[in-house]
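Fold and contact review
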Amino acid sequence: MMNTMLGNINRIILIYLLFINLVALCLMWLDKRKARLKQYRISENTLLSIAFIGGIVGIGLWMLLFRHKIRKIKFVLGLPLIFIIQIVMMYKLK
């Protein structure tokens, strides 16, 4: 019974992470598109918040693959800091 509950929790976490990273990719795509069209952009705080709640892989991949936000200190320093915080939080929760 305990293994089944842990399996369900792990599955829920995996689905959440897949979803939030898909959201992160979509937001980064939308921000890049708006930048090209010279339209109102998605705030950097929103993008970093999405990274903090689990979308760091999506944000980071987009940055690397499409060279978006790579000159922004907030992202260059913020994403590694968020990653370290997430690792520490996971370690503390074990």
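Our structure is the block above this text.
The following paragraphs examine the structure supplied in this document. (Residues numbered from 1 in each chain as written. Predicted model: local features only at pLDDT ≥ 70, side-chain atom pairs only at ≥ 80, totals over all residues. Heavy atoms only, no water.)

A word on the overall build of the chain
Our working rule: By the criteria applied, helices consist of DSSP H or I runs no shorter than four residues and strands consist of E runs no shorter than two, each listed in order from the N terminus. Three exposure classes are used, based on accessible area relative to the maximum for each residue type with a 1.4 Å probe and protein chains only: buried under 20%, partly exposed in between, and exposed over 50%. A contact between two residues is defined here by any heavy atoms of the two lying within 4.5 Å. Accessible surface is estimated by sampling points in the Shrake-Rupley manner with a 1.4 Å probe; for residues, cover comes only from the protein chains shown.
When its secondary structure is counted, the chain shows three helices and zero strands. Along the chain direction, N to C, the helices and strands of the chain fall in the order α-α-α. Each principal axis of the C-alpha atoms in the chain carries an extent, and together these give about 55 × 20 × 20 Å. Expressed as a percentage of the 94 residues in the chain, the buried residues total 29%. Within the chain, contacts between residues separated by at least 24 positions form 67% of all contacts whose residues are at least 6 apart in sequence. Summed over its atoms, the accessible surface of the chain is roughly 7,200 Å², and 72% of this surface lies on carbon and sulfur atoms.

Digging into helix H2 (residues 44-66)
One turn of an α-helix holds 3.6 residues; hence residues three or four places apart share an orientation. Basically, it comes down to this: One less than the number of residues in a helix, times 1.5 Å, gives the span that helix is expected to have. We define the bend at any residue as the angle between the axes fitted to the seven residues before and including it, ending there, and the seven starting there.
With 23 residues, H2 extends just 17 Å between its outermost C-alpha atoms, more than 12% less than the 33 Å of an ideal straight helix rising 1.5 Å per residue. Of all bends in H2, the biggest is about 130°, found at Gly55. Following H2 by one or two positions, Arg67 has its phi on the positive side, about 50°.

A closer look at the packing of H2 against helix H3 (residues 73-93)
The geometry of a pair of packed helices is captured by two quantities: the angle between their axes and the separation between those axes. Put simply, the rule reads: For helices, the fitted line uses only the C-alpha atoms of the stretch in contact; every axis is such a line through C-alpha atoms, and the angle between N-to-C directions lies from 0 to 180 degrees. Working definition: roughly parallel below 35 degrees, roughly antiparallel above 145 degrees, roughly perpendicular at 65 to 115 degrees, and oblique for all remaining angles. Just so you know the grouping, Ala, Val, Leu, Ile, Met, Phe, Trp, Tyr, Cys and Pro go in nonpolar, Asp, Glu, Lys and Arg go in charged, and all remaining residues, Gly too, go in polar.
Where H2 contacts H3, the two axes come as close as 10 Å, and the packing angle between them is 95°. Between H2 and H3, the interaxial angle falls into the category roughly perpendicular. Here Glu44, Asn45, Leu47, Leu48, Ala51, Phe52, Ile53, Gly54, Ile56, Ile59, Gly60 and Met63 of H2 lie close against H3, whose contacting residues are Lys74, Phe75, Leu79, Ile82, Phe83, Ile85, Gln86 and Met89. Partitioned by chemical class, the residues of the contact of H2 with H3 number 14 nonpolar, four polar and two charged.

Considering the layout of surface pockets
Picture a little ball the size of a water molecule; that probe, rolled over the atoms, points out where space is still empty. Worth spelling out the cut-off: Cavities and pockets were defined on a 1 Å grid built over protein atoms only: a cavity is a set of grid points that admits a 1.4 Å probe from which the probe cannot escape, a pocket is an open set flanked by protein on both sides within 12 Å along at least five of seven lines, and lining residues are those with an atom within 4 Å of any such point. Grid points are joined across faces, edges and corners, and a volume is the space filled by probe spheres set on the points.
Approximately 570 Å³ is the volume found for the largest pocket. In terms of lining, the largest pocket is formed by 17 residues, of which the most central are Ile13, Leu17, Gly54, Gln86 and Met90. Of all the elements in the fold, those that place two or more residues in the lining of the largest pocket are helix H1 (2-36), H2 and H3. Broken down by element, the lining of the largest pocket gets its largest block of residues, seven residues, from H3.

Points about a nonpolar patch on the surface
Rules: The patches described consist of residues with a relative accessible area above 30% and no salt bridge, like charges being joined within 9 Å and nonpolar side chains (Val, Leu, Ile, Met, Phe, Trp, Tyr) within 5 Å. A carboxyl oxygen of Asp or Glu within 4 Å of a side-chain nitrogen of Lys or Arg is what we treat as a salt bridge.
A surface patch of nonpolar side chains, amounting to about 860 Å² of accessible area, comprises Leu6, Ile9, Ile13, Tyr16, Leu17, Phe52, Ile53, Leu81, Ile85 and Met89. Broken down by secondary-structure element, the contributors of at least two residues to the nonpolar patch are H1, H2 and H3.

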